[in-house]
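What follows is each chain in one-letter form.
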Amino acid sequence: MKLPSYISLLATGELAARVQRLEALLEQCTVCPRDCLNNRLNSELAACYSGKLPIVSSYTPHFGEEPALSGTNGAGNIFFGNCNLRCVYCQNYQISQTHKEQIKNEVTHERLAAMMLELATQGCHNINFVSPTHFAPQMARGILIAAHQGLRLPIVYNTNAYDSVEVLRLLDGVVDVYLPDLKYAEDEAGYLYSKVKGYKECSRLAIAEMYRQTGAELVLGEDGLLKRGLVIRLLVLPNDIGGVHESLEWIRDTLSPRVAVSLMAQYYPTNQAATNPRHILLSRRITESEWLRAVSALEEMGMENGWMQEFDGAAYYYRPDFSNSDTPFKDIRDFRG
Ligand code: SF4
């Protein structure tokens with residue numbers, strides 16, 4: 001069995017050095033592109049309401065990810081609390097936008113490492129950090145401790161893509177699988193619906209760095225599960241708010257048509273999208289014709305790898321109660337017959 005690359009970094013001492021460099025960014029926080037410059041080591045909170053210690057809302061084997069991640073025993077999901085974005089339609093808003101509640105879920109780095117080892121003991125195929133951006137240094141510290149104690153599973157970085165390139169460079173060889181959501185092809189939508197500036201450029205720079213590290217090919221083990229690579233998720237939003245066509249064009253032209261994409265139909269209105277009339281364009285599920293337009297864009301761009309959800313399978317995973325369900329994904333190549 002090929003070991004994850006963080007094991008080589010552990011052996012040379014490089015993993016510990018990377019953790020220190022990542023933690024140094026907390027002193028005047030530039031861990032994400034918001035660049036708040038607050039001192040998180042001194043518990044000064046800013047846009048993500050997150051300080052020195054990691055916050056874990058939930059950890060569990062999860063069966064609703066793409067098949068090469070869920071496998072038969074599940075992905076080992078660790079859901080961090082809080083977030084550096086404020087998506088008005090966030091499907092996990094109970095944990096991403098409730099910082100007063102989430103502070104109760106603060107844990108030590110040692111406890112975070114113990115959770116990873118517990119998921120490994122339960123037979124999970126990987127450790128899948130959900131919303132890791134604002135806790136990247138804490139995540140790396142947890143991996144260092146867990147690796148010392150025997151963790152050998154691939155690390156999945158399941159992110160909103162509003163990530164700092166400097167942080168991602170420090171995660172080179174620490175993270176095995178990048179799983180970014182590419183949310184918008186326009187800054188205006190990022191500002192209106194996720195409350196951040198410059199989403200388009202930041203997310204594209206971040207994903208280009210992920211691609212530099214992994215390339216387009218997915219490395220699968222003998223068990224058919226994903227050990228290394230990049231999978232870009234595209235959630236189809238109503239009224240073409242995400243700009244899926246433009247994002248696919250960018251992936252094809254700037255990265256490669258061989259990059260794996262995961263096209264998702266599961267959107268449903270929740271959080272402010274369900275209640276605030278200002279966000280009426282997001283107040284319904286997608287229509288079948290919107291979904292088929294996104295699927296046609298995949299074909300038009302000649303994208304060769306990845307998965308897509310069944311249109312009827314919408315909203316089957318990332319449900320707020322984190323309950324598991326059968327995967328609604330199918331392989332892009334199967335769809336083409
Ligand atoms: S990680 Fe949090 S505190 Fe740091 S720059 Fe981003 S939003 Fe600000």
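Residues numbered from 1 in each chain as written. Predicted model: local features only at pLDDT ≥ 70, side-chain atom pairs only at ≥ 80, totals over all residues. Heavy atoms only, no water.

This next bit is on empty space enclosed by the protein. This structure, assessed with the given rule, holds four cavities of 30 Å³ or more. In terms of lining residues, the largest cavity is bounded by 26 residues, among which Cys90, Asn92, Ser131, Asp181 and Lys183 are the most central. In this structure, the second largest cavity occupies an estimated 110 Å³ of space. Of the residues belonging to the lining of the second largest cavity, the class tally is seven nonpolar, four polar and three charged. (1 Å grid on protein atoms, 1.4 Å probe; cavity = no way out; pocket = protein on both sides within 12 Å on 5 of 7 lines; lining within 4 Å. Points joined across faces, edges and corners; volume = space filled by probe spheres on them. Nonpolar A, V, L, I, M, F, W, Y, C, P; charged D, E, K, R; others polar.)

Next up on the list: the packing of helix α6 (residues 109-121) against helix α7 (residues 136-148). Contact geometry for α6 and α7: axes closest at 8 Å, N-to-C directions at 65°. α6 and α7 meet at a crossing whose hand is right-handed. Every residue of α7 that contacts α6 at His109, Glu110, Leu112, Ala113, Met116 and Leu117 is listed here: Gln138, Met139, Arg141, Gly142, Ile143, Ile145 and Ala146. Residue classes in the contact of α6 with α7 are distributed as eight nonpolar, three polar and two charged. (Axes fitted to C-alpha atoms, helices over the stretch in contact; angles between N-to-C directions. Helix = DSSP H or I, 4+ residues; strand = E, 2+ residues; numbered from the N terminus. Left-handed = near helix turned anticlockwise from the far one by under 90°. Contact = heavy atoms within 4.5 Å.)

One can find Ser164 in the loop between β4 (155-159) and α8 (165-170). One polar contact links the side chain of Ser164 to the main-chain amide nitrogen of Val167, over a distance of 3.0 Å. Ser164 has contacts with Thr30, Val31, Cys32 and Pro33, leaving out every residue within four places of it along the chain. (Polar contact = N/O pair within 3.5 Å; in protein donor to acceptor, adjacent residues only side chain to side chain.)

Right, let's talk about the packing of aromatic side chains for a bit. Applying the stated rule across the entire model yields six aromatic pairs. Seen in terms of ring centroids, Phe80 and Phe135 are 5.3 Å apart; in terms of plane orientation they differ by 50°. Their pairing is tilted. With Phe80 in strand β2 (residues 75-80) and Phe135 in the loop between β3 (127-130) and α7, this residue pair connects regions lying 55 residues apart in the sequence. Here Phe80 falls in the buried class, since its relative accessible area comes to 2%. The buried category is assigned to Phe135, whose relative accessible area is 0%. When the ring of Tyr162 is compared with that of Tyr199, the centres are 6.2 Å apart and the planes differ by 10°; the resulting orientation is stacked. Of this pair, Tyr162 sits in the loop between β4 and α8 while Tyr199 sits in helix α10 (residues 199-214), placing them 37 residues apart in sequence. A single burial state applies to Tyr162 and to Tyr199, both of which are buried. Grouped by ring-pair contacts, the aromatic residues Phe80, Phe129 and Phe135 constitute a single cluster. (Phe/Tyr/Trp six-rings, centres within 6.5 Å; stacked < 30°, edge-to-face > 60°. Buried < 20%, exposed > 50% of the residue type's maximum accessible area, 1.4 Å probe, protein only.)

Along strand β5 (residues 177-180), one buried face is formed by Val177 and Leu179 and the opposite face, lined by Tyr178 and Pro180, is buried too. Note that β4 and β5 share four bridges and pair parallel. Bridged to Thr159 within β5 is Pro180. Considered for its hand, the β-α-β crossover made up of β4, α8 and β5 is right-handed. (Pairing = 2+ DSSP bridges. Right-handed = clockwise from strand over helix to strand, strands pointing away.)

In this section: the nonpolar core. Ranked by internal contacts, the top residues of the largest apolar core, which has 104 residues, are Tyr89, Met116, Phe129, Leu171, Ile251 and Leu263. Residue contributions to this core peak at eight residues, all from α7. If sequence neighbours within four positions are ignored, Ile251 has contacts with Leu182, Ile232, Leu234, Ser256, Val259, Val261 and Met303. (Core = buried A, V, L, I, M, F, W, Y, C linked by side-chain atoms within 4.5 Å.)

Residues Glu186, Asp187, Glu188, Glu201, Asp240, Glu246, Glu249 and Glu300 make up a contiguous surface patch of negative charge. Of all the secondary structure elements, the ones that give two or more residues to the negative patch are α9 (187-194) and α11 (244-255). Locating Glu188 in the fold gives a position in helix α9. (Patch = residues over 30% accessible without salt bridge, like charges linked within 9 Å, V, L, I, M, F, W, Y side chains within 5 Å. Areas by Shrake-Rupley, 256 points an atom, 1.4 Å probe, with all protein chains shown as cover. Salt bridge = Lys/Arg side-chain N within 4 Å of Asp/Glu carboxyl O. Lys, Arg positive; Asp, Glu negative; His and termini not counted. Charge placed at Lys NZ, Arg CZ, Asp CG, Glu CD.)

Averaged over every residue, the pLDDT of the protein chain is 93; the share at 70 or more is 93%. Contacts for the low-pLDDT stretch residues 314-326, under 50 throughout, to residues beyond four places or in other chains number 42 contacts. (pLDDT = per-residue confidence, 0-100.)

In terms of backbone geometry, most residues other than glycine have negative phi values and most peptide bonds are trans. Positive phi outside glycine occurs at Lys195, with the angle close to 65°. Classification of Lys195 as partly exposed rests on a relative accessible area of 31%.

Moving on: the pattern of salt bridges. Within this structure, the stated rule accounts for 14 salt bridges. The salt bridge partner of Arg18 is Glu14, with a shortest N-O separation of 2.7 Å. Placement of both Arg18 and Glu14 in helix α2 (residues 14-24) is noted, with a separation of four residues, approximately one turn of the helix. Take Glu14: its relative accessible area is 28%, and that puts it in the partly exposed class. The closest approach of N and O atoms between Arg111 and Glu118, which form a salt bridge, is 3.6 Å. Overall, the relative accessible area of 32% leaves Arg111 in the partly exposed class. Where salt bridges share partners, they join Arg169, Asp172, Glu209 and Arg212 into one cluster.

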